[in-house]
Amino acid sequence: MSTWSPINTVVIAGAWAAKKTGWNSGCGNPQKRHVLVFLGMVGVAVDYLVRYSISVAIVAMVKAPHMPINATHDKEICPAAINATNGGGVDPHADGEYDWSEEMTGIILGMFFWGYFITKAAGGRIAELVGARVTMAASLGASGLLSLLCPTAANLHPLALAGLRLAMGLVQGPAFPALYSLLSRWSPPDELATMVSVAFSGMLLGNMVALGGSGLVVEWFGWRWVFWIGGLLALAWTPLWLALVRESPEEHPSITPEEKSLLAVNLDVRPRKRVPWGHVFRCWTFLAAIVAEFSGSWMAALLTTEAPTFLTNQIGLSLRSAGYVCVVGTAVSYFFAIFYGKLSDFLIQRNYLTKVNVRRLLYAVGFVIVCSSLMGVVLAKCDTVTVSAFVVVAMAGASVNVATYQLAPMDLAPNYAGTLSGLIGIGNIGSFAAPLVTSRMLVDLENGWSASFILGGVIYFVLGVLYIFVVRADIEPWNYYDDLDE
């Protein structure tokens, strides 16, 4: 009997991405922008591995007594989950080391995003002033060190672990704005959506390993190794990034003249000293991107942070099976994220649709998929196959984000791409609000999980409609703010 490995999925996914983007040619002298995108994808994957692997590990860390909360209050808890709670043995890791409540678990899971919110909002400006390449390296390196300390913090006190997760969020905040800033200078206009979608598809690769591989790591080595492996990978990635990536094409010592000429179109794309704050916060499309990020981060938390707990405690799947469901959903999402990016560039290059209508169309597609899938999860109740299928489909629909509102910084003002992408991080309030709200619903409501999925669907629907109506994709005049009289 063969054993599935998430590493196999990552290798296959990486090869597929290289083939679809045409970046597997010329291996003897790869294009430097493709090296940047590949290492960016790996870095984002490691970032997400360190960030989300706790979602699986915490199921093994926490003792089973917190599960009867659902058995008492939630009328829809499935028989398989009740049997597991009563000693049915669905999950051999249900009897963890720590006696933490649902509220404390929610605090630990959500605390990362408090810190992340604080520094991501300012992280883009930090990256533009300090240097995006160094900023991203420092972010992931420090995050790796903190991940190594998580087991020690858990032994001390749950609030110590929560505090460490807060610190991890603080250091990770500037990473993604820094990558956006780099991509704004390294992406030819007709490759923009593809390069961004490939680089940030690392979020899905990281989730894939975190949610699938972490279950295997817990089973084979114990939950502590979930944190140690992520930390070691982050520390290994950092020097590789610093050695092979440069701030701009002009600074790269071994870039070919052909590629340098291709990227000359971005010569004027560089960080500006002054930011037109008034224009930024009066731009409705930018504000809509923040709103869309809120709904997207809420949905990501619901489908990623909370999914393993939902599938084990409510539906009755084993920890390994729940991890497999999340891995399948993330793998499908990965391929769809790259597909959306390629489709976006294709439609724009062929003039089938304007750029703004491409953004609207793709977001509408994902919007319908996510909302209908959440209703499917609620209506399927204890049908494990159907519930699992709808979770997978919802995750795939949400992957459209990388080819829609997350491109807003480059669509509107590439000179301020880092600053704008950081400010869009204001919407990450949804990432730490969702676990807290969900944990409260599980305690207070009779149908807590159903209510949490319905609430997530309502938020995604209302804010999604707003985004579709106000989105624009033309470069704003204030992109050249430094060249204008104040």
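These numbers were taken from a predicted model, which means no experiment stands behind them.

Engineer: Account for the side chain of Thr194, naming residues and giving values.
Structural biologist: With respect to the secondary-structure elements, Thr194 resides in helix H10 (residues 192-200). Its relative accessible area of 7% is what places Thr194 among the buried residues. Polar side-chain contacts of Thr194 include one of 2.6 Å to the side chain of Asp345.

Engineer: So what's going on with the pattern of salt bridges? Which residues, and what values?
Structural biologist: Inspection of the entire model under this criterion finds 9 salt bridges. One salt bridge connects Glu259 with Arg33, and the closest N-O pair in it is separated by 3.2 Å. Taken as a pair, Glu259 in helix H13 (residues 257-262) and Arg33 in helix H2 (residues 32-52) lie far apart in primary sequence, 226 residues in all. By relative accessible area, Glu259 is classed as buried at 1%. By relative accessible area, which is 6% here, Arg33 ends up buried. Lys120 is paired through a salt bridge with Glu293; the nearest N and O atoms lie 3.9 Å apart.

Engineer: Account for the packing of aromatic side chains, with residues named and values stated.
Structural biologist: On inspection of all chains with the given rule, the structure shows 25 aromatic pairs. Ring centres of Tyr98 and Trp223 lie 5.9 Å apart, and the angle between their planes is 70 degrees; this geometry places the pair in the edge-to-face category. Taken as a pair, Tyr98 in the loop between helix H5 (79-88) and helix H6 (102-130) and Trp223 in the loop between helix H11 (202-220) and helix H12 (224-244) lie far apart in primary sequence, 125 residues in all. For the pair Tyr98 and Trp223, a shared accessibility class is recorded, and that class is buried. Taking the centre distance of 5.5 Å and the plane angle of 25 degrees together, the rings of Phe367 and Phe461 count as stacked. In this pair, Phe367 sits in helix H18 (residues 355-380) while Phe461 sits in helix H23 (residues 448-470), placing the two residues 94 residues apart along the sequence.

Engineer: Can you break down unusual backbone geometry residue by residue, with the values?
Structural biologist: For Asn351, which is not glycine, the phi torsion reads 60 degrees and is therefore positive. Looking at where Asn351 falls in the secondary structure, it is placed in the loop between helix H17 (319-349) and H18. Since its relative accessible area comes to 66%, Asn351 is described here as exposed. Positive phi values are uncommon outside glycine, yet Lys381 reaches one of about 55 degrees. Overall, Lys381 belongs to the partly exposed group, its relative accessible area being 49%.

Engineer: Explain the nonpolar core residue by residue, including any values.
Structural biologist: Counting 84 residues, the largest nonpolar core has Met61, Leu183, Phe200 and Trp241 as the members making the most contacts within it. The biggest single contributor to this core is H2, with 12 residues. The residues contacting Leu183, other than those within four sequence positions of it, are Leu36, Val37, Met195, Val196, Ala199, Phe200 and Met410. In terms of nonpolar packing, the next biggest core, distinct from the first, is built from 52 residues, Ala307, Ala398, Leu412 and Trp449 among them.

Engineer: Please give an account of the packing of H10 against H17 that cites residues and values.
Structural biologist: Between H10 and H17, whose axes approach to 7 Å, the crossing angle comes to 170 degrees. By the angle class used here, H10 and H17 are roughly antiparallel. Here Leu192, Ala193, Thr194, Ser197 and Val198 of H10 come into contact with H17, specifically with Ala337, Ile338, Gly341, Lys342, Ser344 and Asp345. Class assignment for the residues of the contact of H10 with H17 results in 5 nonpolar, 4 polar and 2 charged.

Engineer: Which residues make up the side chain of Thr419, and what are the values?
Structural biologist: Within the secondary structure, Thr419 is located in helix H21 (residues 417-424). Looking at Thr419, the relative accessible area reads 2%, which means it is buried. Apart from residues lying up to four places away in sequence, Thr419 is in contact with Gly124, Arg125, Glu128, Val275 and Trp277.

Engineer: I'd love a proper account of the environment of Thr256, names of residues and values included.
Structural biologist: Within the secondary structure, Thr256 sits in the loop between H12 and H13. Take Thr256: its relative accessible area is 17%, and that puts it in the buried class. Counting along the chain gives 224 residues from Thr256 to Lys32, while the straight-line C-alpha distance between them is 8.5 Å. There is a polar contact of 3.2 Å between the side chain of Thr256 and the backbone nitrogen of Glu259.

Engineer: Outline H2, listing residues and values.
Structural biologist: For H2, spanning 21 residues, the distance from its first C-alpha to its last is 30 Å, which sits close to the expected 30 Å at 1.5 Å a residue. Burial analysis of H2 places 19 of its 21 residues in the buried class, the great majority of the element.

Engineer: Before we move on, could you go through a nonpolar patch on the surface and cite the residues and values that matter?
Structural biologist: On the surface, a nonpolar cluster with roughly 780 Å² of combined accessible area is contributed by Leu145, Trp220, Phe221, Trp225, Ile229, Leu232, Leu233 and Leu235. Tallying contributions element by element places H12 first for the nonpolar patch, with 5 residues. Tracing the backbone through its elements, the reader meets Leu145 in helix H7 (residues 132-156). Given a relative accessible area of 48%, Leu145 falls into the partly exposed group.

Engineer: Would you mind going over the environment of Leu436 in detail, with residue names and values included?
Structural biologist: With respect to the helices and strands, the residue Leu436 is situated in helix H22 (residues 429-444). The contacts of Leu436, once residues within four sequence positions are left out, are Gly106, Ile107 and Trp114.

Engineer: How would you sum up H12? Please name residues and give values.
Structural biologist: Between its first and last C-alpha, H12 extends 32 Å over 21 residues, near the 30 Å set by a 1.5 Å rise per residue. For H12, every residue scored as buried is listed here: Val226, Phe227, Gly230, Gly231, Ala234, Trp237, Thr238 and Trp241. End-on view of H12: buried residues confined to an arc of 130 degrees, all on one side of the axis.

Engineer: Can you break down the environment of Ser373 residue by residue, with the values?
Structural biologist: Position of Ser373 among the secondary structure elements: in helix H18. The class for Ser373 is buried, based on a relative accessible area of 2%. The sequence separation of Ser373 and Ala389 amounts to 16 residues, and the corresponding C-alpha distance is 8.8 Å. Every residue in contact with Ser373, bar those within four places of it in the chain, is listed here: Phe390, Val393 and Ala394.

Scoring rules and cut-offs
Residues numbered from 1 in each chain as written. Predicted model: local features only at pLDDT ≥ 70, side-chain atom pairs only at ≥ 80, totals over all residues. Heavy atoms only, no water. Helix = DSSP H or I, 4+ residues; strand = E, 2+ residues; numbered from the N terminus. Buried < 20%, exposed > 50% of the residue type's maximum accessible area, 1.4 Å probe, protein only. Polar contact = N/O pair within 3.5 Å; in protein donor to acceptor, adjacent residues only side chain to side chain. Salt bridge = Lys/Arg side-chain N within 4 Å of Asp/Glu carboxyl O. Phe/Tyr/Trp six-rings, centres within 6.5 Å; stacked < 30°, edge-to-face > 60°. Core = buried A, V, L, I, M, F, W, Y, C linked by side-chain atoms within 4.5 Å. Contact = heavy atoms within 4.5 Å. Axes fitted to C-alpha atoms, helices over the stretch in contact; angles between N-to-C directions. Parallel < 35°, antiparallel > 145°, perpendicular 65-115°, else oblique. Nonpolar A, V, L, I, M, F, W, Y, C, P; charged D, E, K, R; others polar. Expected span 1.5 Å × (residues − 1). Patch = residues over 30% accessible without salt bridge, like charges linked within 9 Å, V, L, I, M, F, W, Y side chains within 5 Å. Areas by Shrake-Rupley, 256 points an atom, 1.4 Å probe, with all protein chains shown as cover. Arc of directions from axis to C-beta.

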